[in-house]
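# Secondary and tertiary structure notes
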Amino acid sequence: MKFASVKVILIMTAVTILGLYALDYWKNPQLWHHEAAAMASPEGGPRLILWMNHLCCTGCLEDVRKALAGTAGVDLEKATGPKELLTQAAANMENATLPDYGNAVTLPISELDKLDLVKVDRALRDKGFVAGRMELSGIPHFRLEAALDHLCCGMCDRSISERMGFLKAKSQGGRLKWIESISVQHEKKTVVAYARFLEAGKTDDVAEFLSGLNFLGFEPQSLRIETAEHMEHPPLQAPVAPSGTGGQGPGD
Amino acid sequence: MGRRLVFLSAALLTLFPVMAVYAHERFIRHDLKVPVHEQYFARQPGMLLGMQSDMLRIATVSCVLLLAFLVVFFFRHNLDDFIEHRLLSGLRGPAQRALHHLANFLTDKPVMLPWFKTVSEWAVVLFIRSPALVLMYSATNDSLVMPSYPLEPTSAIYYKYIQVFLAILMLTQTALPLAGALVVGTWVYLWRWGWMVAADALPVLTVAVVYLTSPWQSHRVAITELNEKQIRWVRLLLGFGFFALGWLKIYNYHLTAGVADNYPDVMNDPMIGFFAMGTNPLFRRENWIVAFAFAEVLSGFMLMVGIFTRVWGSMMIWIFTKLMLVTFGFEEIPHIYPIAATMVIVFSNKLGSEFSFVEKLQQKAAREGKTWLRLATVGVASLVIATVTVYALLYVLTFIDRSHL
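Reading the values: rules and limits
Residues numbered from 1 in each chain as written. Chains lettered and ligands numbered in written order. Predicted model: local features only at pLDDT ≥ 70, side-chain atom pairs only at ≥ 80, totals over all residues. Helix = DSSP H or I, 4+ residues; strand = E, 2+ residues; numbered from the N terminus. Contact = placed C-beta atoms within 7 Å. Buried ≥ 20, exposed ≤ 12 C-beta atoms within 10 Å, placed from the backbone. Axes fitted to C-alpha atoms, helices over the stretch in contact; angles between N-to-C directions. Parallel < 35°, antiparallel > 145°, perpendicular 65-115°, else oblique. Left-handed = near helix turned anticlockwise from the far one by under 90°. Nonpolar A, V, L, I, M, F, W, Y, C, P; charged D, E, K, R; others polar. Pairing = 2+ DSSP bridges. pLDDT = per-residue confidence, 0-100. Core = buried A, V, L, I, M, F, W, Y, C linked by C-beta atoms within 7 Å. Expected span 1.5 Å × (residues − 1).

Scanning chain B for helices and strands turns up 18 helices and zero strands. When contacts within chain B are restricted to residue pairs at least 6 apart in sequence, long-range pairs at least 24 apart make up 77% of them.

Structure, rendered in structure tokens:
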């Protein structure tokens, strides 16, 4: 009987590993170039990167641009999309590959104080698109301020501060981890999410906060980005979800 | 073959950072519905070892239980002699033979019964082929190896075909060393999903060891028995997998609590209830997490080191079968594989122990008439093993904030 030698076993194993990773890299580029896309802009500066799970051809890109036309705070002229996007004609062909189905659009943020992320989201939805991720980069310190129409009582306040912490704790894929703490400002009907320090080249997916609020039953009227320089309310000491009683709300 | 196994295992171990496993939780729903008392798992200033009192209580129960099993195991030959030849020496005929076989089964000695050998052979056949069923199940569910690893639609078809190819090798027992390398390579690739999730698949390596040490002409031979070294590696890897799996239950307690939230019946297990006896009902779910974890840590540890392997293996087969057929249902069907692997160990007549040297020291002292040395050897060895196994890692875990995992 002939047995496999250690050398042969190691070679076969190495080939398997390399083969599987190569296949993954080849067929799933969207998973590998996620952070590279965020670093693509050499000049830096604040950017909003919209990852669209559906952005397969030049026709889609054109419609996305139309949807975002008139959005305050972003420089649509300098927006960059995928470089080798298929034309509509090419996308009609059956041999177009699925990895090209989703793509990102990078929007330089020209006026941070005018940018309303809810408006960006709604503008896309009104034209039949949904941004899978809304990634913010190039702003080391910031907080998100969500203005709510409804925030009537202490229970509303607590439900946000406590359950947002709960959401963060239960999420398995690292969602909402970028949030340092949550503060509910009852009088101003505002929920503030203080972000952790955002390293250069990294991104925070602010859509997670938006969908988190939706999950808790709240639809923000607006979602604005405030930078540390304008910060009126320092981050709270306690993290979002350290205890069973949740975060820090006025009712606590 | 020995050198090959040692080299291979060393190569594999270099790939392991902090190894941890949690197998069945990921096959089923585990969304947390009620917040956990986070402070329960954190350091408690002023408390002994900085642990929450209920957690410490469960750990102590586990430590005492492990200690008792170790002491009894190290005296197993003496106890066997005492029971068979003194206490029940009056037994004759079938009753005596039945007692003898039962004693051999419980004390990990060879059981020389025809049906036992038949089951043993069948278990090996099932063990070698059952991963193919898991692979096919995953392929039809658009996942890789197990449902914890969903495949991207863009590449799913390729990985599904690769799994089918591997399953064919397994089912037809063709080129098993190649199948082993593919299994190990795939397992390394699973780290792509993160270390905690990849660790789910650690038990897969158990069968890879058998494949890699099989002949190239494997399709020509009937593999119905594993040799002593293969059995040892199957025991070590499978036991380590469950040992680590138990610790991961405490490490990532949100996930374990999520399982309890979705399947509250799992909290009513009498064995786990034993571990959690006398604890504060206010922390019922937290206590259950720790008790469940320790039940797995102990069973995994004893399987790994070969202490009452058959007793603990039988309990694991029972628990896995119950989870698969009753508690969680069809989503747990991939556990046919660990059941088969455990059956191979339970029905093997080539079991050994990593702590056999303690037994030998004890027996040597007995031959020399040094009673106190016998007791001291077994007592000290058991105490050290039990204490380190239970408290060391638990103590370290209290320093790690896992509330945001």
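Moving on, we get to the overall build of chain A. Scanning chain A for helices and strands turns up eight helices and eight strands. Looking at chain A residue by residue over its 252 residues, the buried ones come to 36%. Of all intrachain contacts in chain A linking residues separated by at least 6 positions in sequence, the fraction that spans at least 24 positions is 81%.

Another point: the packing of helix α6 (residues 114-140) of chain B against helix α10 (residues 204-212) of chain B. Between two packed helices, what matters for the description is the angle formed by their axes and the separation of those axes. All names here are of chain B. Put simply, α6 and α10 touch, their axes get as near as 10 Å, and they point 125° apart. Comparing their axes, α10 and α6 come out oblique. As α6 runs across α10, the sense of the crossing is left-handed. Of the residues in α10, those touching α6 at Phe127, Ile128 and Pro131 are Val204, Val207 and Val210. Here the residues of the contact of α6 with α10 sort into six nonpolar, no polar and no charged.

Turning to the sheet that holds strand β5 (residues 179-185) of chain A, a few remarks are in order. Residue and element names in this part refer to chain A. One open sheet accounts for four strands, arranged β5-β6-β4-β8; its pairing is antiparallel. Edge strands, defined here as strands with exactly one partner in the open sheet, are β5 and β8 (220-227). Between one strand and the next, the sheet's axes are offset by a mean angle of 20°, whatever the strand orientation. Pairing analysis gives seven bridges linking strand β4 (residues 142-148) to β8, with the strands arranged antiparallel. Residue pairing for β8: Leu144 is matched across the bridge by Ile225.

Turning next to unusual backbone geometry. Residues and elements named next belong to chain B. Even without being a glycine, Ala175 presents a positive backbone phi close to 45°. For Ala175, a count of 20 C-beta atoms within 10 Å translates into the label buried. Notably, Phe308 is not glycine yet its phi reads approximately 45°, a positive angle.

Now for the sheet that holds strand β3 (residues 131-137) of chain A. With respect to topology, four strands assemble into an open sheet ordered β2-β1-β3-β7 (chain A), the strand pairing being antiparallel. Each having just a single partner strand, β2 (103-108) and β7 (204-205) of chain A make up the two edges of the open sheet.

Residues and elements named next belong to chain B. Close contact between α6 and helix α16 (residues 336-346) brings their axes to 8 Å; oriented N to C, the two are set at 165°. Our classification of the angle between α6 and α16 gives roughly antiparallel. For the pair α6 and α16, the sense of crossing is left-handed. Along the contact surface, α6 presents Ala123, Val124, Leu126, Phe127, Ser130, Pro131, Leu133 and Val134, while α16 presents Ile336, Tyr337, Ala340, Ala341, Met343 and Val344. Partitioning the contact of α6 with α16 into residue classes produces 13 nonpolar, one polar and no charged.

All names here are of chain B. Here α16 lies mainly inside the structure; ten of its eleven residues are buried. Listing the buried residues of α16 in full gives Tyr337, Pro338, Ile339, Ala340, Ala341, Thr342, Met343, Val344, Ile345 and Val346. Close packing links the buried residues of α16 with α6, α10, α11 (228-251), α14 (284-305) and α15 (309-327).

This part is about the pairing of β3 of chain A. Residues and elements named next belong to chain A. Burial within β3 is extensive, with five of its seven residues counted as buried. Examined bridge by bridge, strand β1 (residues 47-52) and β3 share six bridges and lie antiparallel to one another. For Ile49, the partnering residue across the bridge sits in β3 and is Glu135.

On to the environment of Leu248 of chain B. Take Leu248 of chain B: it is sitting in helix α11. Once the C-alpha coordinates of Leu248 of chain B and Met196 of chain B are considered, the two residues, 52 residues apart in sequence, prove to be 8.2 Å apart.

Bringing the environment of Ile250 of chain B into the picture now. Residue and element names in this part refer to chain B. Mapped onto the elements, Ile250 comes out in helix α11. Considered as a pair, Ile250 and Phe292 are 42 residues apart in the sequence and their alpha carbons are 9.0 Å apart. Among residues more than four places away in sequence, those in contact with Ile250 are Ile289, Val290, Ala293 and Leu397.

Counting all residues, the mean pLDDT for chain A is 79, and 79% of those residues have values of 70 or more. Note that residues 229-252 of chain A has pLDDT below 50 and, in this model, 66 contacts with residues that lie over four places away or in other chains.

Let us now look at the nonpolar core. Counting 116 residues, the largest nonpolar core has Ala179, Val234, Ala291, Phe294 and Val344 of chain B as its most contacted members. Setting aside chain neighbours within four positions, we find Val234 of chain B in contact with Thr206, Val209, Val210, Leu226, Ala341, Val344 and Ile345 of chain B. With 48 residues, the next largest nonpolar core counts Leu68, Ala146, Ile160 and Met164 of chain A among its residues.

All names here are of chain B. Model confidence for chain B is summarised by a mean pLDDT of 86, while 91% of its residues fall at 70 or above. Low pLDDT, under 50, characterises residues 4-28; the stretch is placed with 56 contacts to residues that sit more than four places away or in other chains. Model confidence for the complex is summarised by a pTM of 0.66, with the ipTM given as 0.81.

Right, let's talk about the environment of Gly132 of chain A for a bit. Residues and elements named next belong to chain A. Relative to the helices and strands, Gly132 is located in strand β3. Between the alpha carbons of Gly132 and Leu50 there is a distance of 7.4 Å; along the sequence they are 82 residues apart. Excluding anything up to four places from it in sequence, Gly132 contacts Trp51, Met52 and Asn53.

A few words on helix α5 (residues 93-106) of chain B. A rise of 1.5 Å per residue sets the reference length of α5 of chain B, with its 14 residues, at 20 Å; its end C-alpha atoms lie 20 Å apart and thus fit the reference within 8%. Of the residues flanking the end of α5 of chain B, it is Asp108 of chain B, one or two places downstream, whose phi is positive at about 65°.

Here we take up the pairing of β4 of chain A. Relative to strand β6 (residues 190-195) of chain A, β4 of chain A is paired through five bridges, and the arrangement is antiparallel. Across the sheet, residue Ala147 of chain A finds its bridge partner in β6 of chain A, namely Thr190 of chain A.

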